[in-house]
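Observations on chain architecture
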Amino acid sequence: MWLLGWRDLQWRRRRFLIAVVATALVFAMTLLMTGITASIHAENHHIVRRFDADAWVVASGTSGPFTASTLIPVTDATRVAAAPGVRRADPIIVFRSTVGTRKLKDVNVLGVRFGGVGSPKVGAGRLPRRAGEVLADTALGLRPGAHVAVTGHDLRVVGTAGGVTFYFGTPTIVMSVEDAQRIIFGGQPLATAVVTRGVPAPAPSGLRAVSNDTAISDLERPMKNSDQTLALIDGLLWLVAAGIIGSIIYLSALERARDFAVLKATGASTPALLTGLTFQAVLLALGSAVVAVLLALVLAPIFPFTVAIPGSAFAELVVVAVVVGLVASLAGLRRAVGADPALAFGAA
Amino acid sequence: MMDPFSVGVHDLTIEYSSGGYAVRPIDGFDLDLASGELVLLLGASGCGKTTLLSALAGILRPQSGSITVGATDVTALRGPALTEYRRGTVGVVFQSFNLVPSLSALENVAMPLLLAGVSRRVARERASALIDRVELTERAGHKPSELSGGQQQRVAIARALVHDPPLVLADEPTAHLDYIQVEGVLRLLRELATPGRVVVVATHDERLLPLADRVVELSPRVRSHPREPEMCELDAGGVLFRQGDPGELVYVVDEGEIELVRHRVDGTDERVTTVGPSGYFGELAPLFGLPRSATARATRPTTVTGSTVADFRARRHGAYPVTDLMAGAAD
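**Quick word on the overall build of chain A**
- Across its full length, chain A carries ten helices and 13 strands.
- Dimensions along the principal axes, computed over C-alpha positions, put chain A at roughly 95 × 45 × 25 Å.
- Here chain A holds 348 residues, and 44% of them are scored as buried.
- Taking as baseline every contact in chain A between residues at least 6 positions apart, the subset at least 24 positions apart corresponds to 80%.

Written as structure tokens, this is what we have:
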């Protein structure tokens, strides 16, 4: 009977409000973590798509283009370009470094052939044309004309582009393959991979071609542990939410034992009483879910990288919250079922 | 032809556990109630008034005996049939009102109907009519905490009537009320006892006596008439009195030994104490009008002398203080 549950909610409104806020905070955290996880995966897909390549060629026995530890001669790009099925091939260099002198900041260093495969699109300014010119991700906060030091090399920013990030939102500095070789390999003509238009079939000896999906997996593999940790914390948070809802409903059932006894003594069936309690659990869960959505939307921009919560996560939250609410209220429901109508005859 | 509104209680025995001991407040009880009667169940606390009401309400299952309301054998009802009986046949006014604190007076009255699946409009109309009847129209929207004890009790009476039951049970309806509030509640209860309905009121409040068509004393008053001491000889194992019996006399052991035992729920006996020559026992039951709380039996051939409390006091040191009596052996 929903009226009974609703009136009790009004009667104990402060307690329910506190429970809603506490549960909403937990729900909001699960939403944000879902958003973080989704954003990481979206970022990986996005950066691989930006290369606009059909295949990635790396040294045989190497895991992939981003985590490759085996370098290849830059002339392998010519061998790959000559392979059947390939229309164009360009070398790339992917490396991690830092910028700044006193306050270091992690960056990805990407060496490409501007105008070739993997060449980025410019947001502001222009593409580098000369040695020592770079394109910077907007997340670095640098404008065209600014100077940036990468491992002691002074470079001039001539253009910026948004969304050139990977490894958990780490911004990228894009430069020519030759500059990257100079800064990272001491001028040796090496590369970490070759990106192609068309898929080499087969890849030249000593090399292997991998797909975009494999390139994405290569990016995601180092984050597997973080992913699992986030999933584990997510699960624990759901347990915390269930605990809050469960304890509130159980307390309510405990305090209303005499009410249930009286109503049973006056002929109320157990299912009718349970409806009221179930209604409370569902309302508490739904109320918390709604507040959680608002909280998550407010909190998401505070994070140092883009947290894009997928629309499906909101719908999932509502459904899972109701299920969690119902499961959590089982102890309270059991308490109500067990209320002995004889209790109604006891003196207060 | 059977009166559809009559209530019959036959050879009813109810036993429950109290601290591990078996307590039998109702033992072989008989009662017949006719339509239109208001019956008072009178007795001290613990004499079984509420226990009997609980059984009549279909809440407590007796060990043996039967309760019939019209053609319904209440003791044979189970599950949904029992719920239906509680809903349609009995209305209960509880001792401490037992209103749901979060609901208004009107909602408290309407709630049993709503829980029975009656539409909100019909339930509200019926509850409003009953609230009017108990003269609380102006207070219908107030929560129980905003009502006086008498007003809460009137709401409880209205709630008991919401299904228009043929049997209304009231447990100590004046227990928490002052004399001004009592008046309105008594008048209401009296008005309920009309043809087609039986009202049973459990109370220890003797102010309610003029209200009743019939008074049933659940703890028969043991009147200590002046009488000569009685000597009683018992063989080994012979029982002087049993747990639950009414008590009138205090006993002194002349020869032999008496053991006092209490029956436990698991069927075993627990020895409380033994009383030897010149010791006394059984003083609390006649002193306070309580049933015997233990069984007294001889462990070997024994002679005891039983006296009234007054006589016992007079014979032992002139006047025996009550506190000394209470400090004696278990009853």
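More follows now that the structure is in view.
**Considerations on the overall build of chain B**
- When helices and strands are tallied, chain B shows nine helices and 17 strands.
- Each principal axis of the C-alpha distribution contributes one length, and for chain B these read about 75 × 40 × 40 Å.
- Within chain B, buried positions represent 42% of all 331 residues.

**A word on the interface of chain B and chain A**
- Each side of the interface is counted separately: chain B has 27 residues, and chain A has 23 residues.
- Broken down by secondary-structure element, the contributors of at least two residues to the side of chain B that touches chain A are helix H1 (49–56), helix H2 (79–88) and helix H3 (105–115) of chain B.
- Sorting elements by how many residues they give to the side of chain B that touches chain A places H3 of chain B first, with five residues.
- Considering only residue class, the side of chain B that touches chain A consists of 14 nonpolar, eight polar and five charged.

**Digging into unusual backbone geometry**
- Geometrically, the link from Ala201 of chain A to Pro202 of chain A is a cis peptide bond, its omega value of 0 degrees lying close to zero.
- Position of Pro202 of chain A relative to the elements: it lies in the loop between strand S12 (193–197) and strand S13 (207–210).
- Positive phi outside glycine occurs at Phe168 of chain A, with the angle close to 60 degrees.
- Its location among the elements puts Phe168 of chain A in the loop between strand S9 (165–166) and strand S10 (170–176).
- Here Phe168 of chain A falls in the partly exposed class, since 16 other C-beta atoms lie within 10 Å of it.
- A positive phi angle is found at Glu172 of chain B, which is not glycine, with a value near 45 degrees.
- Note on placement: Glu172 of chain B falls in the loop between strand S7 (167–171) and helix H6 (179–192).

**Remarks on the nonpolar core**
- In this structure, Phe27 and Ile245 of chain A together with Val109, Leu169, Val200 and Val201 of chain B are the most contacted members of the largest nonpolar core, which totals 116 residues.
- At eleven residues, the largest contribution of residues to this core is made by helix H2 (residues 13–50) of chain A.
- Among all residues touching Val201 of chain B, those that are not within four sequence positions of it are Leu38, Leu40, Leu41, Ala170, Pro173, Leu189 and Leu208 of chain B.

**What about the sheet that holds strand S5 (residues 72–73) of chain B?**
All names here are of chain B.
- Spatially, the four strands line up as an open sheet ordered S2-S1-S4-S5, and their pairing is antiparallel. The open sheet has two edge strands with one neighbour each: strand S2 (21–33) and S5.
- Summarising the sheet, strand S1 (residues 7–18) and strand S4 (residues 64–69) pair through five bridges and their orientation is antiparallel. The residue of S4 that forms the bridge with His10 is Ser66.

**Details of helix H6 (residues 224–255) of chain A**
- End to end, H6 of chain A covers 46 Å across 32 residues, agreeing with the expected 46 Å (1.5 Å per residue, within 8%).
- Taken together, the buried residues of H6 of chain A touch helix H1 (2–11), H2, helix H8 (270–299), helix H9 (311–328) and helix H10 (330–337) of chain A.

**Here's the deal with the sheet that holds strand S10 (residues 230–234) of chain B**
Residue and element names in this part refer to chain B.
- Taken together, four strands build an open sheet; the order of strands is S10-S17-S12-S15 and the sheet is antiparallel. Either end of the sheet is taken by a strand with one partner, and the two such strands are S10 and strand S15 (280–281).
- When S10 meets strand S17 (residues 302–307), the two strands line up antiparallel, connected through five bridges. Counted as the bridge partner of Glu233 is Thr303 from S17.

**Some details on the packing of H2 of chain A against H6 of chain A**
Residues and elements named next belong to chain A.
- Where H2 meets H6, the closest approach of the two axes is 10 Å, and the angle between their N-to-C directions is 165 degrees. What the angle tells us is that H2 and H6 run roughly antiparallel. When the axes of H2 and H6 are compared, the crossing they make is left-handed. Contacts between H2 and H6 pair Arg15, Phe16, Ala19, Ala22, Thr23, Val26, Phe27, Met29, Thr30, Met33, Ile36 and Thr37 from the former with Asp227, Leu230, Ile233, Asp234, Leu237, Trp238, Val240, Ala241, Ile244, Ile245 and Ile248 from the latter.
- Here the residues of the contact of H2 with H6 sort into 17 nonpolar, three polar and three charged.

**A closer look at the environment of Gly43 of chain B**
Residues and elements named next belong to chain B.
- Secondary-structure assignment places Gly43 in the loop between strand S3 (38–42) and H1.
- Residue classification places Gly43 among the buried positions, given that 21 C-beta atoms sit within 10 Å.
- Between the alpha carbons of Gly43 and Leu218 there is a distance of 5.3 Å; along the sequence they are 175 residues apart.

**With respect to H1 of chain A**
- Three or more residues of H1 of chain A are buried, namely Leu4, Gly5, Arg7, Asp8 and Leu9 of chain A.
- The inward-facing, buried residues of H1 of chain A contact H2, H6 and H8 of chain A together with H3 of chain B.

**Some remarks on the packing of H2 of chain A against helix H5 (residues 212–220) of chain A**
Residue and element names in this part refer to chain A.
- In contact at an axis separation of 9 Å, H2 and H5 are set at 135 degrees when each is read in the N-to-C sense. By the angle between their directions, the pair H2 and H5 is classed as oblique. Crossing of H2 against H5: the hand is right-handed. On H5, the residues touching Asn44, His45 and Val48 of H2 are Asn212, Ala215, Ile216, Leu219 and Glu220.

**A look at the confidence of the model for chain B**
- Chain-level pLDDT for chain B is 85 on average; 92% of the residues reach the 70-or-more range.
- Both scores are given for the predicted complex: the pTM is 0.70, the ipTM 0.73.

**Some remarks on the pairing of strand S14 (residues 269–275) of chain B**
Residues and elements named next belong to chain B.
- Pairing geometry for strand S13 (residues 258–263) and S14, over six bridges, is antiparallel. Within the sheet, the bridge partner assigned to Leu260 lies in S14 and is Thr273.
- Linking S13 back to S14 in an antiparallel pair, the connection comprises five residues, with Gly267 at a positive phi of about 95 degrees.

Quick notes on the rules
- Residues numbered from 1 in each chain as written.
- Chains lettered and ligands numbered in written order.
- Predicted model: local features only at pLDDT ≥ 70, side-chain atom pairs only at ≥ 80, totals over all residues.
- Helix = DSSP H or I, 4+ residues; strand = E, 2+ residues; numbered from the N terminus.
- Buried ≥ 20, exposed ≤ 12 C-beta atoms within 10 Å, placed from the backbone.
- Contact = placed C-beta atoms within 7 Å.
- Nonpolar A, V, L, I, M, F, W, Y, C, P; charged D, E, K, R; others polar.
- Core = buried A, V, L, I, M, F, W, Y, C linked by C-beta atoms within 7 Å.
- Pairing = 2+ DSSP bridges.
- Expected span 1.5 Å × (residues − 1).
- Axes fitted to C-alpha atoms, helices over the stretch in contact; angles between N-to-C directions.
- Parallel < 35°, antiparallel > 145°, perpendicular 65-115°, else oblique.
- Left-handed = near helix turned anticlockwise from the far one by under 90°.
- pLDDT = per-residue confidence, 0-100.

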